[in-house]
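Descriptive structure summary
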Amino acid sequence: MGKPLRNLSLAVICAVVLTGIAGGGGPASAERASPDKTNPRHMSRAPERPEWRMKRVTLEKSTIYENAAKRGLLMLESRALRQVADFDKQATDACRDGRFNRFGGGIARIGGRTYRAARARDIRRPRNYPIEQGVYIFTREGSTRCTVHLAADR
């Protein structure tokens, strides 16, 4: 035991720490910890959820779509797309925004290429959107480069 002073100071520090933990600081700390002094909201049970969050009846949809039949080949043409169908700017802009989509429909083989196509009744569109009779041909459907052509019934 070369350094008795060091061992003595360590023993004093340990004794102070242990008495502080065991004593709890006296009657003032016991009064603060009593249930009468705590906030009553802390002792309550979990808040009840309102009924409308639990099992709310879903809102009725304004538009109901039936399952459209897959019609297969809608058009077969050997000429190029630009010779057969006209570019539809309004439908293209709506398709790029996601407001003009095929629902069912089929395919069209034009100029040796296969495109997705749909008739007027197989297209989801906004209300009061003017639509013509014929076959709508979609290239790059479902992307921001979606292009729509209309091959009108002749």
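Residues numbered from 1 in each chain as written. Predicted model: local features only at pLDDT ≥ 70, side-chain atom pairs only at ≥ 80, totals over all residues. Heavy atoms only, no water.

1. What to know about the pairing of strand β4 (residues 105–110)
Note: β4 against strand β5 (residues 113–119), 5 bridges, orientation antiparallel. Its bridge partner lying in β5, G106 is registered against A117. Hairpin geometry of β4 and β5 is characterised by an intervening segment of 2 residues between the two adjacent antiparallel strands and by a positive phi of about 60 degrees at G111. (Pairing = 2+ DSSP bridges. Helix = DSSP H or I, 4+ residues; strand = E, 2+ residues; numbered from the N terminus.)

2. Points about helix α6 (residues 89–97)
Among all positions of α6, only A91, T92, A94 and C95 are buried. When α6 is viewed along its axis, its buried side chains cluster within an angular range of 165 degrees and face the same direction. Counted as exposed and oriented over 90 degrees from the buried face of α6: K89 and D97. Residues of α6 that are buried in the fold lie against β2 (86–87), β7 (134–139) and β8 (147–152). In this structure D88 caps α6, since a side-chain oxygen of it lies 3.4 Å from the backbone nitrogen of A91. Positive backbone phi, at 85 degrees, marks G98, one or two positions downstream of α6. (Buried < 20%, exposed > 50% of the residue type's maximum accessible area, 1.4 Å probe, protein only. Arc of directions from axis to C-beta. Contact = heavy atoms within 4.5 Å. Polar contact = N/O pair within 3.5 Å; in protein donor to acceptor, adjacent residues only side chain to side chain.)

3. Structural notes on the side chain of T147
Within the secondary structure layout, T147 lies in strand β8. By relative accessible area, T147 is classed as buried at 8%. A polar side-chain atom of T147 sits 3.2 Å from the main-chain carbonyl oxygen of R145. Discounting residues that sit within four places of it in the chain, T147 has contacts with F87, T92, R96, I137, F138, T139 and R140.

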